[in-house]
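# Descriptive structure summary
What follows is the residue order along each chain.
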Amino acid sequence: MNIEEINRQLFDIHKVELHCHLELAFRASTMREWAIEDGMEIGSDEDFEREFLILAPMDDLPTVLNKFLQTRDRLSSLERIERLAFEACEDMYLKSNVRLLELRYAPSFTLEVFPELGAEKLHEAIIKGCKRAEMMYPMAVGLICLLQRIKTNKENMYWCDFAIEHKGEFLAVDLADDEVGYPPEPFAPIFNKAKAAGLGVTIHAGEPYLPQAPQNIVTSIDLLHADRIGHGVQAIHDEKVIQKLVEEKIPLELCPTSNWLTQAVPNLAAHPLKTLMEMGVKTTINSDDPGVMGIDLMDEYHIAHNILGMSIDQMKQCNSWAAEASYIPEEKKRKVWLNK
Ligand SMILES: [Zn+2]
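The text that follows walks through the structure, step by step, so that each part is easy to find. (Residues numbered from 1 in each chain as written. Predicted model: local features only at pLDDT ≥ 70, side-chain atom pairs only at ≥ 80, totals over all residues. Heavy atoms only, no water.)

## A short note on the overall build of the protein chain
Across its full length, the protein chain carries 17 helices and 8 strands. In summary, the protein chain has a C-alpha radius of gyration of 19 Å against a globular reference of 20 Å for 340 residues, a match within 12%. Across its three principal axes, the protein chain shows a C-alpha extent of roughly 50 × 50 × 45 Å. Here the protein chain, with 340 residues, has 58% of them falling under the buried criterion. Put simply, 77% of the contacts in the protein chain that link residues at least 6 apart link residues at least 24 apart. (Helix = DSSP H or I, 4+ residues; strand = E, 2+ residues; numbered from the N terminus. Rg over C-alpha atoms; globule rule 2.2 N^0.38 Å. Buried < 20%, exposed > 50% of the residue type's maximum accessible area, 1.4 Å probe, protein only. Contact = heavy atoms within 4.5 Å.)

## Observations regarding the coordination of the zinc ion
Those donors, His19 (NE2), His21 (NE2), His204 (NE2) and Asp288 (OD), are the protein atoms that reach the zinc ion, and they lie 2.1 to 2.5 Å from it. Between the 4 donor atoms coordinating the zinc ion, the angles at the centre fall across 83 to 170 degrees, so the site counts as irregular. Considered as a linear motif, the donors of the zinc ion on their single chain read H-x1-H-x182-H-x83-D. Here Asp288 lies in the loop between β8 (283-285) and α14 (290-293) and His21 lies in strand β1 (residues 15-21), a separation of 267 residues in the sequence. By relative accessible area, which is 10% here, His21 ends up buried. (Donors = N, O, S within 2.8 Å, 3.2 Å for Na, K, Ca; no water. Tetrahedral: all angles 85-135°; square planar, octahedral: opposite > 155°, others 65-115°.)

## Description of the sheet that holds β8
Strand pairing within a sheet occurs via backbone hydrogen bonds; the two strands may be parallel or antiparallel. With respect to topology, 8 strands assemble into an open sheet ordered β1-β2-β3-β4-β5-β6-β7-β8, the strand pairing being parallel. The open sheet has two free edges, formed respectively by β1 and β8, since each of these has just one partner strand. Strand-to-strand, the axes of this sheet are offset by a mean angle of 25 degrees, without reference to chain direction. In terms of strand pairing, strand β4 (residues 170-176) meets strand β5 (residues 200-205) through 4 bridges, oriented parallel. Each residue of the ladder has a partner; that of Leu175, found in β5, is Ile203. Running over the sheet, helix α10 (residues 213-222) touches β5 and β6 (228-231) and is turned about 165 degrees from β5. (Pairing = 2+ DSSP bridges. Axes fitted to C-alpha atoms, helices over the stretch in contact; angles between N-to-C directions.)

## Comments concerning the state of the cysteines
In total, this model carries 0 disulfides according to the counting rule given. Cys130 carries a free sulfur, and the closest cysteine sulfur to it, the one in Cys89, is 4.0 Å from it. (Disulfide = S-S within 2.5 Å.)

## Re the pairing of β6
Of the pairings in the sheet, the one linking β5 to β6 comprises 4 bridges and is parallel in character. Within β6, the position partnered with His204 by the bridge is Gly230. Of the crossover connections in this fold, the one passing from β5 over α10 to the parallel β6 is right-handed. With 2 bridges joining them, β6 and strand β7 (residues 252-254) adopt parallel strand pairing. Directly across from Ile229, in β7, lies its bridge partner Leu252. Between the parallel elements β6 and β7, the chain passes through helix α11 (residues 239-247) in a crossover that is right-handed. (Right-handed = clockwise from strand over helix to strand, strands pointing away.)

Structure representation (structure tokens):
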């Protein structure tokens, strides 16, 4: 098969994106425009890359954090937020043929620097952007409310209640940030409440390459009611964890480029996506932070096919599992997603 034919076949797959952070899913040209409007000196591609992009494995956390904060500091108005949401959806459809898209965002992350936006208005602006894309393209979009490990339980409970109040628009809750310094256990009361209210639960767990990472997957399932795991890439180092994921049919939201950039895996060829799938884990393919990492979901399919050696049929299987695992209501799914 020649390259064009492979590209066409990869593009043609109706894709499901389950793990994408809205705040880090900006369109580069738009972010550059905002940075210049805000008085930053961004003359060349190198300037933009230095301030906003992570393109090589991270070894220096402050530099990485600075890029996240630079990005967040541009989200200063409801107009920008609405545009961010619309363009994230539009790019997913146009560039990668995504039909079912779940975007997650942390109200606490943006409101920490721009409290004047207000939680309701921020949420409305995001919904407006997503709805505009849903009207224009054959895609369905759902939102996940992201809670931050670094925040207090009181604050996280507040945002959990916010997600419950907006159930329907929010389909699920998530827990993210530093898994090392903030293990899952103390968050149990929050996720008990979210689960009881009927929200889906996906938890970032088993991401960094550390001895306790596989156990965090188990705790997230047993104690926090996770019905999906964000990343979970370190499951590969613990057979019992793999067995649990297979038996309990818990899908993993894997993100190859992101896992390489954070050094969760030493290189792309070592990513366990294909191995886990062949061991019976419901693996799904996702982009995590496409804006800041300078990728599209299509890049992840190229990696899966060209570097990991996954067949088109295997990737279709991943999408089938992702569609099943998506929190988007069945009726909405059926209108836009075909198993192709
Ligand atoms: Zn993530």
